[in-house]
Amino acid sequence: MNEDVRLTAWVRGRVQAVGFRWFTRAKALEIGGLSGFALNLEDGRVQVVAEGSRKGCQDLLDWLREGDTPGRVDGVTEIWDTPRGIYETFAIR
């Protein structure tokens, strides 16, 4: 079963001012079928919200944790939810 889901992930480490949001958007577009955004937070983390297939969101989460990301990822915290369907594409905020 590959129902649509909503993934919210908070990525901590050296993830700001290194192109992290741009690469996250590029990866989401490469995976395909994902909408949402990547946003710098004031505390230095990046918040990633993705909606789409469970497999697509899991692939993005795996990349955030272990992929060839810019900067340095020290950890990722995530929650899963039902999609809201309010995003048309995957954006950088």
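Look above for the structure.
Right, let's walk through the structure included here. (Residues numbered from 1 in each chain as written. Predicted model: local features only at pLDDT ≥ 70, side-chain atom pairs only at ≥ 80, totals over all residues. Heavy atoms only, no water.)

1. Some words on the pattern of salt bridges
Should the charged atoms of two oppositely charged side chains come close, the side chains can pair. The full count for this structure, using the stated rule, is 7 salt bridges. Across the pair Glu3 and Arg54 runs a salt bridge, and its minimum N-O distance is 3.1 Å. Placement of Glu3 in the segment before strand E1 (4–14) and of Arg54 in helix H2 (residues 54–66) is noted, with a sequence separation of 51 residues between them. (Salt bridge = Lys/Arg side-chain N within 4 Å of Asp/Glu carboxyl O. Helix = DSSP H or I, 4+ residues; strand = E, 2+ residues; numbered from the N terminus.)

2. What about helix H1 (residues 20–31)?
In this model, H1 (12 residues) spans 16 Å end to end at C-alpha, consistent with the 16 Å of a helix rising 1.5 Å per residue. Buried residues along H1 sit in contact with E1, strand E2 (35–40), strand E3 (46–53), H2, strand E4 (72–81) and strand E5 (90–92). Following H1 by one or two positions, Gly32 has its phi on the positive side, about 85 degrees. (Expected span 1.5 Å × (residues − 1). Contact = heavy atoms within 4.5 Å.)

3. A look at the pairing of E2
Where E2 meets E3, 6 bridges bridge the pair, whose relative direction is antiparallel. Across the sheet, residue Leu39 finds its bridge partner in E3, namely Gln47. The antiparallel pairing of E2 with E3 creates a hairpin that spans 5 residues between the two strands, and Gly44 there sits at a positive phi of about 100 degrees. Across 3 bridges, the pairing between E2 and E5 is parallel. Within the sheet, the bridge partner assigned to Ala38 lies in E5 and is Ile92. (Pairing = 2+ DSSP bridges.)

4. Regarding the pairing of E1
Where E1 and E3 come together, 8 bridges link them in antiparallel fashion. Residue Ala9 lies in a different strand from E3, and its bridge partner there is Val48. Pairing of E1 with E4 involves 9 bridges; the strand directions are antiparallel. Paired with Arg6 across the two strands is Asp81, which belongs to E4.

5. A word on the packing of aromatic side chains
Overall, the coordinates contain 3 aromatic pairs when judged by the stated rule. Where Phe20 meets Trp63, the ring centres are 6.3 Å apart and the plane angle is 35 degrees; that geometry is what we call tilted. Here Phe20 is found in helix H1, whereas its partner Trp63 is found in helix H2, with 43 residues between them in sequence. For the residue pair Phe20 and Trp63, the accessibility class agrees, reading buried in each case. Ring centres of Trp22 and Phe23 lie 5.1 Å apart, and the angle between their planes is 80 degrees; on these two criteria the pair is classed as edge-to-face. Residue Trp22 is classed as exposed on the basis of its relative accessible area, which comes to 52%. According to the relative accessible area criterion, Phe23 is partly exposed, its value standing at 38%. Positioned above the aromatic ring of Trp80, the side-chain terminus of Arg54 is 5.2 Å from the ring centre. For the cation-ring pair, Arg93 lies above Phe37, with the distance from its terminal atom to the ring centre recorded as 4.0 Å. (Phe/Tyr/Trp six-rings, centres within 6.5 Å; stacked < 30°, edge-to-face > 60°. Buried < 20%, exposed > 50% of the residue type's maximum accessible area, 1.4 Å probe, protein only. Lys NZ or Arg CZ within 6 Å of the ring centre and 35° of its normal.)

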